[in-house]
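Remarks on the overall topology
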Amino acid sequence: MIGQVAVRRFPALTVSTPRIEVRHLVAADAEAVDEVFADRQTQRWLPLAEASGQIDGRAWCTELARQRRDSGDGDHWAVVRREDQRVVGSLWARRTDWGARLTELSYAIAPHARGYGLAVEAVDAVAIALILEHGFQRVELRVAAGNVASRRVAEKAGFSYEGLLRNAGFVRGARVDLELWSFVAADLR
């Protein structure tokens, strides 16, 4: 295989905590995902290149998730509240570097489920599973400067602040600085 790089499929992942389960999205989750991504607060911070862009829940749950997983770049998951089996958010991995064994996580939680620590629980559980079960060495969060709620999630999930990536991202079509947060294998010791 000289000159060729083997494409790795992103690992299958399901994690459970006492309050949530993080599992693959399925087509039946599309309506709940649409609700999560249609929220104004979520829309404010989504990394969309166009100010008027919209995420299609059905595509997000099916073909986009499958493409990301099959390419090895990442995956899309549902955050399911165990008490009522309701999808209350989405979590996704992207920008996976298999040589460095790192990936970036992002998330969005429905308005009715915010303020209960579910995002912290989901991010923490997935980061630990990626490191312990799948051999990742580093999991990153990139938080748009000014997104105080996501900064709190990063802190509470045990991520370390590494610095500001100037003009490194975009939110609703505008360039923004991104805070870089990391969770590494050594953090589990």
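The rules we used
Residues numbered from 1 in each chain as written. Predicted model: local features only at pLDDT ≥ 70, side-chain atom pairs only at ≥ 80, totals over all residues. Heavy atoms only, no water. Buried < 20%, exposed > 50% of the residue type's maximum accessible area, 1.4 Å probe, protein only. Helix = DSSP H or I, 4+ residues; strand = E, 2+ residues; numbered from the N terminus. Arc of directions from axis to C-beta. Core = buried A, V, L, I, M, F, W, Y, C linked by side-chain atoms within 4.5 Å. Phe/Tyr/Trp six-rings, centres within 6.5 Å; stacked < 30°, edge-to-face > 60°. Contact = heavy atoms within 4.5 Å.

If you look the protein up in an unreviewed UniProt entry, it shows as GNAT family protein from Micromonospora sp. HUAS YX12.

Some thoughts on helix 1 (residues 30-38)
Listed in full, the buried residues belonging to helix 1 are Ala30, Ala32, Val33, Val36 and Phe37. Along the long axis of helix 1, the arc covered by the buried residues comes to 160°, so they all point the same way.

What about the nonpolar core?
One recurring pattern in soluble globular proteins is that nonpolar side chains are buried together. Core analysis: the biggest nonpolar cluster contains 37 residues, and Trp77, Leu91, Leu105, Val123, Val126 and Phe159 have the highest contact counts within it. When residues of this core are traced back to their parent elements, those giving at least two are strand 2 (20-24), strand 3 (75-81), strand 4 (86-97), strand 5 (102-109), helix 5 (118-134), strand 6 (138-144), helix 6 (148-156) and strand 8 (174-184). Counting residues in each nonpolar core, the second largest holds 15 residues, with Phe37, Val87, Trp92 and Ala110 among its members.

A look at the packing of aromatic side chains
All told, the structure shown has 9 aromatic pairs when counted by the stated rule. A centroid spacing of 5.7 Å and a plane angle of 70° characterise the contact between phenylalanine 37 and tryptophan 92, whose relative ring orientation is edge-to-face. Here phenylalanine 37 is found in helix 1, whereas its partner tryptophan 92 is found in strand 4, with 55 residues between them in sequence. Both residues of the pair, phenylalanine 37 and tryptophan 92, count as buried. With a centroid separation of 5.4 Å and an interplanar angle of 40°, the aromatic rings of phenylalanine 159 and phenylalanine 183 are classed as tilted.

Structural notes on the environment of phenylalanine 136
Within the fold, phenylalanine 136 resides in the loop between helix 5 and strand 6. Note on phenylalanine 136: relative accessible area 0%, which makes it buried. Residues phenylalanine 136 and alanine 100, 36 residues apart in the sequence, show an inter-C-alpha distance of 8.2 Å. The contacts of phenylalanine 136, once residues within four sequence positions are left out, are Phe10, Pro11, Thr96, Trp98, Arg101, Leu102, Thr103, Leu130 and Ile131.

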